[in-house]
Amino acid sequence: MEEKYAITVDDLTVAYNYKPVLWDIDLAIPEGVLMAIVGPNGAGKSTLIKSILGIIKPIAGSVKIFGKPYSKQHKEVAYVPQKGSVDWDFPTTALDVVMMGTYGSLGWIKRPGQKEKKASLEALEKVGMLSFKSRQISQLSGGQQQRIFLARALVQNASIYLMDEPFQGVDATTERAIINILKELRKAGKTLIVVHHDLQTVPEYFDWVTFLNVKKIATGPVKDIFNDGNLTKTYGINYKVSVQE
Amino acid sequence: MSSAQIEIQLIASLVAIACAIPGTFLVLRKMAMISDAISHSILPGLVVGFFLTEDLNSPWLILLAAITGVITVIMVEFIQKTGLVKKDTAIGLVFPALFSIGVILIAKNANDVHLDVDAVLLGELAFAPFDRVLMNGMDLGAKSLWVIGIIVTVTVILLVTFFKELKISTFDKQLAATLGFSPLVLHYGLMSVASITTVGAFDAVGAILVVALMIAPAAIAYLLTNNLKKMLVIAVIAGVSSSIGGYWVAHYLDASIAGSMTTVLGLLFLLVYLFAPNKGLVAVLFRQKRQQAEVHLLTFMLHLQNHSEESERHINHLREHINWGKIQSKTVLDLALKNNMIVISDDIISLTEKGKGFTEKAIDYITTNSTVAIEKMKEDFFLFRG
């Protein structure tokens, strides 16, 4: 039987100012995996995620979500950006940020109602942040802000979750809470793709891994390909192209 | 009050409302200087529009000038995108160039048109009631009032309709894009509203002061609330009250209305900047001082916990060993005593049960940096409340 792919990336090349950040990437991510993207700084990990989401336009290649272009599938995909990508002094509360996750299913003009609020409160509870729902977002710790972002992705009720370093700068409690939720989502059949930095936790957290350093080094089940050979190939060589993230 | 006076105040208030709404989003998007660029560069559009229509309140003139405003934004972004100059440089290049074209156009045709640079820069609110809308011989009010009234109505309708979209694209542009709300459409929508508002307000307050009416009320509101809806309401209230207050200041001083309005707005901002409850300068300095005292208290208590020997806990040791001045030592001791953290007997200081428990919690927080630990600390320690 043919395997069903959540995301297929074909011949993807992305360049900033003539320097390739991603070079001829082919990737087929099976449905239902919890996958880490690992690689050194400047390897193009965030760029890969943003290209899948259509935020960055590649100079070559294509991305398909369940066989169709992203523009037709945006309801299937939830994105957890890096914490630093927004201004946390923005005048709003934790609950309100989570509610923003429901905007996609509402579409233009229609306003969130009780149904959206209930879903958002449930998501807050799931990430252990219900008691902070009315708190101004700048008054949350880094780990709490990350959980709010996760809750916001949960209310999108998507099939695919793309996360850009969700464990960056969070405390151990938050990291455990997040990974438990990710594993739960995988059990429910969701596909999760996570940019990850801590190589030591890869075998414990993930079942699938992609090694990336401008080019794709390897992709597959953690138990088969997470080995010294691939780690050396990914981290051991100094690429001459210096890249900006 | 004469009807002209009421009309002037009404126009000023509507201008303030029309400016405060897009201004709030500009401030949150860190684009305050774009309003400066728009307000100056619409001048050539205004002048050309004036040649064609001979009427400062003509819808065609407003549209033409507003398009110049949007073109300014496009030009700034284009220049910036090439990476050859930075964004603020691009702003500084584009708007003086467009503005000066307008100035030359006025000077070249000064004899033919009733448009002078002073009025363009500072507005002529006092003359606004002279230009009337007449229909079948019936006086329907000042033209400026109608123009700005329509702009406010449209702005409010757009705000209410697209509030959700504006909020999400301002807070998180990437999320907005991935959810199908084109940040580009919203960006240029906002720029169009800002441009049209600027043109509509131009007549009343001029190119320089319209910037103040866009930015200052939003900056005031930003310091007073953590809620976007309230921020919009407070910005509107601050703008309207400064406009009316400014009118009366001008009345008693016999000075420029627009100048007085902005002065009042500036003073209001200064007050809020200094005395806003949480985000004001005084509150921030007070908090910093208190946090400093609490850091010292914590250091002191950790020292007591580390040393069971009495020599280390003698009251004089505090000055000699920890190397604190007399006043500082006393402040810390008083703070600890006041909170029942320590007891002093025969000049020997000991931690109370409360003090011990607290110190342990603090160590727990410092070593684990866990959010759970910090939540416990917030109950009884200002330092961790942020």
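As the structure is a computational prediction, the values presented were derived from the model and not from experiment. (Residues numbered from 1 in each chain as written. Chains lettered and ligands numbered in written order. Predicted model: local features only at pLDDT ≥ 70, side-chain atom pairs only at ≥ 80, totals over all residues. Heavy atoms only, no water.)

### Here we look at the sheet that holds strand β7 (residues 191-195) of chain A
All names here are of chain A. Across the sheet, six strands lie side by side as β5-β6-β7-β3-β8-β9; this open sheet has mixed pairing. Strands at the two margins of the open sheet, each flanked by one partner only, are β5 (77-80) and β9 (215-221). Adjacent strand axes in the sheet meet at a mean angle of 15 degrees, parallel and antiparallel pairs treated alike. Two strands pair when backbone bridges link them, and β5 and strand β6 (residues 160-164) are joined in this way by four bridges, in the parallel orientation. (Pairing = 2+ DSSP bridges. Helix = DSSP H or I, 4+ residues; strand = E, 2+ residues; numbered from the N terminus. Axes fitted to C-alpha atoms, helices over the stretch in contact; angles between N-to-C directions.)

### Some details on the pairing of strand β8 (residues 208-213) of chain A
Residues and elements named next belong to chain A. The buried count for β8 comes to six of six residues, which makes it a mostly enclosed element. Side chains W208, T210 and L212 of β8 all project onto a buried face; the interleaved residues V209, F211 and N213 project onto the opposite face, where all are buried too. Bridge count between β8 and β9: six bridges; the pairing is antiparallel. Across the sheet, residue F211 finds its bridge partner in β9, namely A218. With antiparallel pairing between neighbouring strands as the criterion, β8 and β9 make up a hairpin whose turn holds one residue, including V214 at a positive phi of roughly 65 degrees. (Buried < 20%, exposed > 50% of the residue type's maximum accessible area, 1.4 Å probe, protein only.)

### Side note on the interface of chain A and chain B
How big an interface is tends to be reported as the loss of accessible area on association of its parts. Counting from both sides, the interface comprises 39 residues of chain A and, opposite them, 34 residues of chain B. Between chain A and chain B, the buried area comes to about 3100 Å², and carbon and sulfur atoms account for 62% of it. Taken together, the connections running from chain A to chain B amount to three salt bridges. For K30 of chain B, the salt bridge is made with D87 of chain A, and the minimal N-O distance between the two is 2.9 Å. At the surface where chain A touches chain B, the tally comes to eleven residue pairs in polar contact (both at pLDDT 80 or more). Sorting elements by how many residues they give to the side of chain A that touches chain B places helix α5 (residues 142-154) of chain A first, with four residues. (Contact = heavy atoms within 4.5 Å. Buried area = accessible area lost by both parts, 1.4 Å probe. Salt bridge = Lys/Arg side-chain N within 4 Å of Asp/Glu carboxyl O. Polar contact = N/O pair within 3.5 Å; in protein donor to acceptor, adjacent residues only side chain to side chain.)

### Considering the sheet that holds strand β2 (residues 19-30) of chain A
Residues and elements named next belong to chain A. With antiparallel pairing, three strands are arranged side by side in an open sheet as β2-β1-β4. Edge positions in the sheet fall to β2 and β4 (60-65), since each has one partner strand and no second. Pairs of neighbouring strands in the sheet enclose a mean axial angle of 15 degrees, with direction left out of account. In this structure, strand β1 (residues 5-16) lies alongside β4, joined through five bridges in antiparallel fashion. Across the sheet, the residue bridging to V9 is V63, located in β4.

### Things to note about helix α14 (residues 326-338) of chain B
All names here are of chain B. Given a rise of 1.5 Å per residue, 13 residues ought to cover 18 Å, and the 18 Å separating the end C-alpha atoms of α14 matches this to within 8%. Among all positions of α14, only S329, V332, L333 and A336 are buried. The buried residues of α14 all sit within an arc of 100 degrees when viewed along its axis, so they share a single face. Pointing more than 90 degrees away from the buried face of α14 are the exposed residues I327, K330 and K338. The first or second residue beyond α14 is N340, which carries a positive phi of 55 degrees. (Expected span 1.5 Å × (residues − 1). Arc of directions from axis to C-beta.)

### Overview of the domain arrangement of chain B
Residue and element names in this part refer to chain B. Each assigned domain of chain B is listed here: domain 1 (3-278) and domain 2 (282-381). With five residues of domain 1 at the contact, the number on the domain 2 side is four residues. Of the roughly 280 Å² buried between domain 1 and domain 2 on both sides combined, carbon and sulfur atoms contribute 43%. Counting the surface domain 1 buries against domain 2, the share from its top three residues, L274, F275 and N278, is 81%. Where domain 1 meets domain 2, there are zero salt bridges. Where domain 1 packs against domain 2, one counts two residue pairs in polar contact (both at pLDDT 80 or more). Partitioned by chemical class, the residues of the side of domain 1 that touches domain 2 number four nonpolar, one polar and no charged. (Domains from an automatic or database assignment. Nonpolar A, V, L, I, M, F, W, Y, C, P; charged D, E, K, R; others polar.)

### Some thoughts on the nonpolar core
If you look at the biggest cluster of nonpolar residues, it comprises 143 residues, and the most contacted ones within it are F167, L182, F206 and V209 of chain A together with I11, V15 and V205 of chain B. The dominant element in this core, judged by the number of residues it contributes, is helix α9 (residues 183-224) of chain B, at 21 residues. If sequence neighbours within four positions are ignored, V209 of chain A has contacts with M35, A36, V38, V202, A218, T219, G220, V222, I225 and F226 of chain A. Counting 28 residues, the second-largest nonpolar core is a separate cluster that includes V9, L12, M35 and I56 of chain A. (Core = buried A, V, L, I, M, F, W, Y, C linked by side-chain atoms within 4.5 Å.)

### Digging into the pattern of salt bridges
A full pass over the atoms with the stated rule returns ten salt bridges over all chains. K167 of chain B is the salt-bridge partner of D96 of chain A, the closest N and O atoms lying 2.7 Å from each other. Of this pair, D96 of chain A sits in helix α2 (residues 94-99) while K167 of chain B sits in helix α7 (residues 163-171), each in a different chain. A single burial state applies to D96 of chain A and to K167 of chain B, both of which are buried. Here E165 of chain B makes a salt bridge to K164 of chain B, at a shortest N to O gap of 3.3 Å. Across this residue pair, the class does not change: E165 of chain B and K164 of chain B are buried. Counted as one network, the salt bridges with shared partners bring together E7, R132 and D139 of chain B.

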